[in-house]
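Reading the structure
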Amino acid sequence: MKAKPLNTVIGAAVWSVIGLTPWDPNCGVGTIEKLFLLGPLVVVPLGLQLAGVDRPWSLLIAAIGVAISFLSPTGMIAGLLVAPWLMICIAIAVNELWRARAQISVLTRHLPAICRVVATFGLVVGAIGLLQSRWGMEPMGFREPLVLLVAVHFHFAAFVTPLMAAEILRRMREANGRSRLALAACAMSGSPLLAVGYMLHARGLRLTGAALLVAALLMTAFWVLRNVRGIEPFTARVLLGVSATSAVIAMIYAAVYALADFFGAVWIAIPQMARTHGAIQAVGFSVCGLLGWIVAETKTELRLRSLTRRWH
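Residues numbered from 1 in each chain as written. Predicted model: local features only at pLDDT ≥ 70, side-chain atom pairs only at ≥ 80, totals over all residues. Heavy atoms only, no water.

**Details of the layout of surface pockets**
There is about 1,200 Å³ of room inside the largest pocket. Lining of the largest pocket is provided by 42 residues; of these, Leu-149, Val-150, His-153, Leu-194 and Tyr-198 occupy positions nearest its centre. Those elements that provide at least two residues to the lining of the largest pocket are helix 2 (31-51), helix 5 (111-135), helix 6 (146-155), helix 8 (177-199), helix 9 (203-227), helix 10 (234-262) and helix 11 (270-295). Grouping the amino acids of the lining of the largest pocket by side-chain chemistry returns 33 nonpolar, seven polar and two charged. Quantified by volume, the second largest pocket comes out at close to 240 Å³. Lining the second largest pocket are 15 residues, with Tyr-198, Tyr-257, Asp-261, Ala-265 and Val-266 positioned closest to its centre. Top element by residues in the lining of the second largest pocket is helix 10. It accounts for three residues. The residue inventory of the lining of the second largest pocket, partitioned by class, reads 11 nonpolar, one polar and three charged. (1 Å grid on protein atoms, 1.4 Å probe; cavity = no way out; pocket = protein on both sides within 12 Å on 5 of 7 lines; lining within 4 Å. Points joined across faces, edges and corners; volume = space filled by probe spheres on them. Helix = DSSP H or I, 4+ residues; strand = E, 2+ residues; numbered from the N terminus. Nonpolar A, V, L, I, M, F, W, Y, C, P; charged D, E, K, R; others polar.)

Written as structure tokens, this is what we have:
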């Protein structure tokens, strides 16, 4: 059974209570945790709605379980509370792959479907990171907050970016194949390369992954801003304009952080990244962007041209 939009409203209400409550610092619910919970409770349901994926009521129940886990001490109980979320994310990813199996034979024609599959599997990676974080694991020697940040990244950037790219690719009518492939490749490969770079402790690979992700978000933002006047209704236009602007601002922070990481320096501390880049990316880019495309009329077509066509 498909979930009604009421699920997302309830999730947003739950997150509002958690986000606005002045928790005791010893409780373990700080800025990073509050921003992360926006993912399971709001961003993921919105993303699945945009992708046309079934959202069972169990998704909301599992998301509330994730929220409760942050009110419990790190350990087995907290880990068990988030296990259903991982199971549901795996089921969604497998189902999306099965749904797209007949479409991926023609690559350029079905890039949106491939992007959606990659987005759902990114969600699985994020759920695994969440389970490890709440269980108190230290995979490959990584400790908090880095373990939780894996969950944050794959519930937001790695999930939302391919979905936003898929929506633009679906509406493209005048862009050539190379432009479409460039957007899809950057949106799908950035986060996996970034993750592998961290696992292998390869700074160059981390920088490459971050650069591809930044490129994908900037291309998405540029194309939306260029065509925002043609998007209807006005509400969608405003939401997508805010999303595109937020993406540009957030990527400035991301680029600075990635360069500092490459040189082994700390130019922006993680808490500051959470308050700035994290908040802008989660609320401005993700929530506003997903809502904008959901509200946008299906008949809206983005007349996107190749970035190099003007010189031909």
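**Description of the pattern of salt bridges**
Scanning all chains against the criterion turns up six salt bridges. The partner of Arg-206 in a salt bridge is Asp-261, and the shortest N-O contact between them spans 2.7 Å. Of this pair, Arg-206 sits in helix 9 while Asp-261 sits in helix 10, placing them 55 residues apart in sequence. Among the salt bridges present, the one from Glu-232 reaches Arg-237, with a minimum N-O distance of 2.8 Å. Using a relative accessible area of 34% as the deciding quantity, one classes Glu-232 as partly exposed. A relative accessible area of 21% places Arg-237 in the partly exposed class. In this structure, a network of salt bridges that share partners links the residues Glu-96, Arg-99 and Arg-116. (Salt bridge = Lys/Arg side-chain N within 4 Å of Asp/Glu carboxyl O. Buried < 20%, exposed > 50% of the residue type's maximum accessible area, 1.4 Å probe, protein only.)

Bear in mind that shape data such as this cannot, by itself, settle questions of function.
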